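Structure at a glance
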Amino acid sequence: MTLNKSFIFIFVLLFFFLSKKINAQTFTSPNYQIEFGNFNMTGGKKTSTTYTLTDTVGQNAPGKYTNTGYTVKAGFQYIYDLYQSFSFKIDDLDLNFGALVPQVGSTQSNIITITTPSAHGYDILASENHPLLAKSATIPDTTCDSGTCDQSTSGVWTEITTYGFGFNATGINSSGVATNIGTSNFFTNNTYYRQFASVKDNETPQVFMSESQPAKNRSAKITYKINISPNQSAGNYENAINLIAVPKY
Amino acid sequence: MFDITLSPYQIEFVLKPNITITQVYEVTNNSDQPITLNTEVLPFLPQGNNGSVTYANLSSNPNISFSLSNSNLILGQPFTLAANSKQQLVLKIKTSPTTKLSDYYSTFFVYQSSPLTENDSNFSQAIGKIGSHILLSISEEENPPVDATIQKFLTTPKIKDVFLTPLNFTGQVQNNTNYFFKTSGKIIITKNNQTIKELTLDSNNVLANYYRRLTCAQQSVCTLSPPLWPGSYTATLTFDETLKIPSVSTSFFILPLSPILFLALIALVIIFITKNKRSKPLL
């Protein structure tokens, strides 16, 4: 009997000391609850000098569409590093033009930067909530020197007698030197401007920077320009500009 | 400053009607300042032939509902993300039993939510917005059938020199079904029935009843670089058997134009020198 008790005691001790730690997958946090979690054995990125493999082992009944009612074609595996994520940066959001002087173009600028893992690149679109507005008066969107540019077509805008509000985008490198990468299809050079699509006028946001390949820290300088006529009503003109980054599907 | 990272950048699901799924997104504020963000889901339409989209005042499908499953967040309500921090957003997608069997395309947006501040100046407020596409196929089958046709398959130029500029292949595929599929295949270049080179196609999504330009892996344009031996070549665009898209071929010719031109130039120079020597008067 004593021998049996000793044996059980030793067995219990061995059980606690020799058992391996097992990490279980959790499905809850203070902030969320996963209703259809996927229970894996392992998953992630495996690398060697010659290959990179991403996998997920032990997915519940993969392919059993009849039972689960859904299947994942993309987006299931977790994203491992920053380059696999989609990032968008605008360095300055406040574009203060100060006091406007008739027939003297006033400009402000900011720099946008995008990183996309999508094999098919990105689009950056722009729109405004409405043209520059001060109580009852507006500064209309520019139609450029030729009178023909709009939210989808650029034109040269250098004349001091051409009035309105518009923007130019020029692709730049990390040193700020113009490369026109991503923007050359939309603006020939930095004298070309176009309107923002006006949401108030039911205009659709328009692409002004685009690439069809992955990009890392791709930047562009956006120049916003206002030129008013001597007859423009006094006031503080304001609007909001939406800069929208989406991947290519 | 707006400096936001969103992952994943795209999700693709095949769903039966009357199913609910969730997708976890991770939003990262990379800046040193807290930011107030908001969320929305907008339907999109494909535009152009290279994967661009448009948000042309489309109305949402009432049979597909989107919401956030986070206990403290609601879709369309602002929340603050602290400086240099992350937030998981759990998007719940629910299809009603009456959802029509077809594809539905949307973008999950995270955007800066700051009311316009009153200024004593002329002022524009820039607002950042970043999106992740959602491609949903509502189907009773796990692998909806593919029915597609190759609209164009061209080689430019048709007649090319053995050296100098590269040869480009352009193609476009039309999806004739209500479900998207991914391109998968090769451009096989042969001469005298021998394979010279194979260019692997990129895996591009071709959306329902729409078209997509074909691109090649590791290249922005499908390109065959010189030098090439003179002769008649055939380029065959072939898709993986599972897609059941008929192959298409086109021919092109490589001619030794630059060597002939070079030899002709040398011959002309020799003739010119010889003539000059003969015509010189004897002293």
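Residues numbered from 1 in each chain as written. Chains lettered and ligands numbered in written order. Predicted model: local features only at pLDDT ≥ 70, side-chain atom pairs only at ≥ 80, totals over all residues.

So, about the overall build of chain B. Each helix and strand counted, chain B has one helix and 22 strands in total. Rg of the C-alpha trace for chain B: 29 Å, well past the compact-globule value of 19 Å for 283 residues, more than 25% over. Taking the principal axes of the C-alpha coordinates as reference, chain B spans close to 105 × 55 × 30 Å. Once local pairs closer than 6 in sequence are excluded, the contacts in chain B between residues at least 24 apart make up 70%. (Helix = DSSP H or I, 4+ residues; strand = E, 2+ residues; numbered from the N terminus. Rg over C-alpha atoms; globule rule 2.2 N^0.38 Å. Contact = placed C-beta atoms within 7 Å.)

It is worth spelling out the sheet that holds strand E21 (residues 231-239) of chain B at this point. Residue and element names in this part refer to chain B. Here five strands make up an open sheet; going across it, the order is E13-E22-E21-E16-E17 and the pairing mixed. A strand with exactly one partner marks an edge of an open sheet, and here the two such strands are strand E13 (159-161) and strand E17 (194-200). For this sheet, the mean angle separating the axes of adjacent strands, direction not counted, is 30°. In this sheet, E17 lies alongside strand E16 (residues 185-191) in antiparallel orientation, the contact comprising six bridges. Among the inter-strand pairings, isoleucine 189 is bridged to a residue of E17, identified as lysine 197. (Pairing = 2+ DSSP bridges. Axes fitted to C-alpha atoms, helices over the stretch in contact; angles between N-to-C directions.)

Right, let's talk about the interface of chain B and chain A for a bit. Across the contact, 58 residues belong to chain B and 62 residues belong to chain A. Where the side of chain B that touches chain A is concerned, the elements lending two or more residues are strand E1 (2-7), strand E2 (10-15), strand E3 (20-29), strand E6 (52-54), strand E9 (85-95) and strand E11 (122-138) of chain B. For the side of chain B that touches chain A, a count of residues per class yields 22 nonpolar, 29 polar and seven charged. (Nonpolar A, V, L, I, M, F, W, Y, C, P; charged D, E, K, R; others polar.)

On to the domain arrangement of chain B. By convention, interface size is frequently given as the accessible area that disappears when the constituent parts associate. Residue and element names in this part refer to chain B. Once the domains are mapped, chain B shows domain 1 (4-116 + 123-138) and domain 2 (148-259). For domain 1 and domain 2, the distance between their C-alpha centres works out to 36 Å. Taken together, the contact between domain 1 and domain 2 spans nine residues of the former and twelve residues of the latter. Sorting the residues of the side of domain 1 that touches domain 2 by element identifies strand E10 (103-112) and E11 as the ones contributing at least two each. (Domains from an automatic or database assignment.)

A separate point is the nonpolar core. Ranked by internal contacts, the top residues of the largest apolar core, which has 93 residues, are Ile124(A), Ala169(A), Leu243(A), Ala245(A), Leu6(B), Val110(B) and Leu136(B). The element best represented in this core is E11(B), accounting for seven residues. Setting aside anything within four residues of it in sequence, one finds Ala169(A) in contact with Thr183(A), Phe186(A), Phe187(A), Phe208(A), Met209(A), Ala220(A) and Ile222(A). In terms of nonpolar packing, the next biggest core, distinct from the first, is built from ten residues, Phe97(A), Leu100(A), Ile228(A) and Tyr237(A) among them. (Core = buried A, V, L, I, M, F, W, Y, C linked by C-beta atoms within 7 Å. Buried ≥ 20, exposed ≤ 12 C-beta atoms within 10 Å, placed from the backbone.)

Here the focus is the sheet that holds E9(B). Overall, antiparallel pairing links the eight strands, which are arranged E11(A)-E15(A)-E6(A)-E4(A)-E1(B)-E3(B)-E9(B)-E7(B) in an open sheet. Edge strands, defined here as strands with exactly one partner in the open sheet, are strand E11 (164-172) of chain A together with strand E7 (64-68) of chain B. Neighbour to neighbour, the strand axes of the sheet diverge by 20° on average, direction disregarded. Direction of pairing for strand E4 (residues 86-90) of chain A relative to E1(B): antiparallel, over a ladder of five bridges. The residue bridging Phe86(A) from the neighbouring strand is Leu6(B), located in E1(B).

Time to look at unusual backbone geometry. In the segment running from Thr156(B) into Pro157(B), the intervening peptide bond is cis, with an omega of -5°. Take Pro157(B): it is sitting in the loop between strand E12 (148-156) and E13. Of the consecutive residues Pro226(B) and Pro227(B), the connecting peptide bond is found in the cis state with omega at 5°. Even without glycine at this site, Gln103(A) takes up a positive phi of about 60°. Here Leu164(B), not a glycine, exhibits a phi torsion of approximately 60°, which is positive. Along the chain, Leu164(B) turns up in the loop between E13 and strand E14 (167-175).

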